[in-house]
Every structure is written in structure tokens, then in C-alpha cells.
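# Structural features, examined
Here is what each chain is made of, one letter per residue.
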Amino acid sequence: MTVLERSALSDVTRDDATLRRFLHGLPGVDQVGADARVAGLATRSIKTTAKAWAIDTSISMVDLTTLEGADTPGKVRSMCAKAMRPDPSDATAPPVAAVCVYPDLVATAVEALHGSPVQIASVATAFPSGRASLATKLHDVRDAVAAGATEIDMVIDRGAFLAGHYLQVFDEIVAVKGECGAAHLKVILETGELVTLDNVRRASWLALLAGGDFIKTSTGKINPAARPPVALVMLEAARDFHDRTGELRGVKLAGGIRTTKEAVRYLVMVNEVAGDDWLTPALFRFGASSLLNDLLLQRHKLRTGAYDGPDYVTVD
């Protein structure tokens, strides 16, 4: 990237009017074309050896999550044990990428995962609504980081975004990033509330410009959540941002992904749209806890040739 290009991208956030012109000047998304591209990618077949790689890669990309009001330290410890050793009967199964919990349970996860490569993510910024003062949101982030979170999953203020207050959303992301320290920041767009793919593209670029290490589809609390056309647009944004800046940023799909078949199709999309640089947990994640059980069942079937009952895996 040239100095001129770097300066130009920096300049687009100098005021609300300039940022608006930039975001609304992005190429529009052709909904029909996006659907056709997604349908074409879904027809790709994967053979046995490649499927084994895809299953293990998908397992390594899972953020194992519990975000319920009834969460307990015991439930978090159990989830952490599964994150480190997804299949107790098979030590060759890789650990997942991260566990994701509420801030008050981060310390429990830190203790349970001590010495493990599994990252500790925490939702913050008044998850899932994002409706709170900036001071409250930043306090939320500081608490999680102080407790040992290595990743923060923040939610944007969708009301502000949809009202066109882009600089307000940008400034909040920048402020949250400033409180993260060494922790990586995932910016949740809640795409089910953004209505259009054009808005998904604008929100993706806004989050990337503000310093988000990942852009993430959803909280998992709103339907629709992760959908193939949305994933396509977000992957294109990450790819195009890299082309403009030279910086690699990640994409996380969360909500509604439950089967190995779906996960493999998304890996094909990642490879075809963004490129194989993104085929790593450092740049691509699944926020889908129920997906892990199906991946483990399919992995065992591929290795043994036998189907197992649902009691082969733990129920989360």
C-alpha cells in the first residue's frame, strides 16, 4: 500500500460527513449475484482426505460459548475441559480456538484453562443489546481484561448505525479497542438487524477502519444470524481491507451454524473469497457451540466407519 492510500483511508474518519461519503461510496451489493455466488460455492465437493482436514480445522476454529443467565462456574469449568480435549477418547482431536463467557466468569475460565492454548473471550459493551452509556461499556471491557480475557467480543450500537451516526459508532469501537490492551477485539455487527447487505458491507468497513481485529456476524441472540450471503460480504470486506492496507483482519460467523456440512461449505467460501491466508483460527472462527458435537461425530465416523449415537458427545 502506498503512503497516499494509507493517508486517504485515515482521512475518511476525520468527520461524520467524510466517513458517510466513504461508506456510501462503497460498491453496492448485488443481492441476486451474492445468492448465485453462494449457491455455486455450495456445490463444491470435498473428498475424504480433505474432509478430515476440514473437520479438524473447523474444530480448531470454534469459539465454545455459554452466554446464558443461568451460567455457573461449574458449567464454565466443564466447557473449558471440553475446549481443551473435545473428544476424551481421542487425544488427536485438536483443541478449540477459544471459550467465550460473560465477564464475571472470565476468572473461572482463566483458572480452568491454565497452561492451555485455548483463548479466553468475553462479551462486553452491554451485550447483547449494546444499549448503555460509553462509560458503562468501557467499564465492562476493563473488568473482562483485568480478569484475564485475551479476546473481547463487543457489540456495536445498531440504533446509532441505522440512524446514520457512523462517527459515533466508529469512536466507540476506537475507545473499546483502547481498553483492550493486548486482547484482540471482535466487533459484533448483529447483521440480522442491519437489514441489507449494503449495510453489512458498510458496518464491516466501519469496524475494520476503527481497529477491530475481527468482524463478527452476530450475538447469537437474534435471527437471522450467520447466513452465507452475509458471510460472503464480510469476507470480501476483510479481503478488500487487506488489499488496501496490507493488514490481515479476521471474520467470525456466529449463530445458527450446527452441522459439519455447513462448516465445510464456509471453509470453501473462505478459501475462494478471501484466500487461504484466512484458513486459520487466527483469522476465521465459528461461534457455534452445537457445531462442535456434530464435528466430533463426523470425525469419529470418518475415522472408524461407524455411526455413533448422540451420547458419544457431551450435551452442552
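Thresholds applied
- Residues numbered from 1 in each chain as written.
- Predicted model: local features only at pLDDT ≥ 70, side-chain atom pairs only at ≥ 80, totals over all residues.
- Heavy atoms only, no water.
- Helix = DSSP H or I, 4+ residues; strand = E, 2+ residues; numbered from the N terminus.
- Contact = heavy atoms within 4.5 Å.
- Phe/Tyr/Trp six-rings, centres within 6.5 Å; stacked < 30°, edge-to-face > 60°.
- Buried < 20%, exposed > 50% of the residue type's maximum accessible area, 1.4 Å probe, protein only.
- Pairing = 2+ DSSP bridges.
- Axes fitted to C-alpha atoms, helices over the stretch in contact; angles between N-to-C directions.
- Parallel < 35°, antiparallel > 145°, perpendicular 65-115°, else oblique.
- Left-handed = near helix turned anticlockwise from the far one by under 90°.
- 1 Å grid on protein atoms, 1.4 Å probe; cavity = no way out; pocket = protein on both sides within 12 Å on 5 of 7 lines; lining within 4 Å.
- Points joined across faces, edges and corners; volume = space filled by probe spheres on them.

Turning our eyes to something else, we now look at the environment of valine 106. When you line up the elements, valine 106 lands in helix 6 (residues 106-112). If near-sequence neighbours (up to four positions away) are discounted, valine 106 is found in contact with Val101, Ile120, Ser122, Ala144, Ala147, Gly148 and Ala149.

This part is about the packing of aromatic side chains. A full pass over the atoms with the stated rule returns five aromatic pairs. When the centroid spacing of 5.6 Å and the interplanar angle of 70° are considered together, the rings of phenylalanine 22 and tryptophan 205 count as edge-to-face. With phenylalanine 22 in helix 2 (residues 16-24) and tryptophan 205 in helix 10 (residues 197-209), this pair connects stretches of sequence that are 183 residues apart. Assessed through its relative accessible area of 16%, phenylalanine 22 is described here as buried. Counting every residue linked through ring pairs, the aromatic cluster contains Phe22, Trp205 and Phe241.

Turning next to the sheet that holds strand 8 (residues 284-287). Strand pairing within a sheet occurs via backbone hydrogen bonds; the two strands may be parallel or antiparallel. Reading across from one edge, 1-2-3-4-5-6-7-8 is the order of the eight strands in this open sheet, with parallel pairing throughout. A single partner strand is all that each edge strand has here, and the edge strands are strand 1 (63-65) and strand 8. Within this sheet the neighbouring strands show an average axis-to-axis angle of 25°, counted without direction. In this structure, strand 5 (residues 184-188) lies alongside strand 6 (residues 214-216), joined through three bridges in parallel fashion. In the strand pairing of strand 6, lysine 186 is matched with phenylalanine 214. Sitting on the sheet, helix 9 (residues 166-180) is in contact with strand 4 (151-155) and strand 5, with an inclination near 150° to strand 5.

Looking now at the packing of helix 3 (residues 31-41) against helix 12 (residues 260-274). Here helix 3 crosses helix 12 at 120°, and the two axes come no closer than 10 Å. Relative to helix 12, the element helix 3 lies oblique. Viewed along their axes, helix 3 and helix 12 form a crossing whose handedness is right-handed. Residues Arg37, Val38 and Leu41 of helix 3 touch helix 12, and the partners they reach there are Val268, Met269, Glu272 and Val273.

This part is about unusual backbone geometry. With an omega dihedral of 0°, the bond running from phenylalanine 127 to proline 128 counts as a cis peptide bond. In this model, asparagine 223 is joined to proline 224 through a cis peptide bond whose omega is 0°. Within the element layout of this structure, proline 224 appears in the loop between strand 6 and helix 11 (228-245). With phi around 60°, threonine 125 is a residue other than glycine that occupies positive phi space. With respect to the secondary-structure elements, threonine 125 resides in the loop between strand 3 (119-124) and helix 7 (134-147).

Another aspect to go through is the layout of surface pockets. If you add up the space inside the largest pocket, you get close to 740 Å³. Looking at the largest pocket, it is lined by 32 residues, and the ones nearest its centre are Thr65, Glu68, Ala288, Ser289 and Ser290. Secondary structure elements with two or more residues in the lining of the largest pocket: strand 1, helix 5 (73-84), strand 7 (250-254) and helix 13 (289-304). Ranked by residue count, the leading element in the lining of the largest pocket is helix 5, at four residues. The volume enclosed by the second largest pocket comes to roughly 220 Å³. Lining the second largest pocket are Leu41, Ala42, Arg44, Ile46, Lys51, Thr260, Lys261, Val264, Arg265, Val268 and Gln298. Among the elements that take part in the lining of the second largest pocket, helix 12 stands out by supplying five residues, more than any other.

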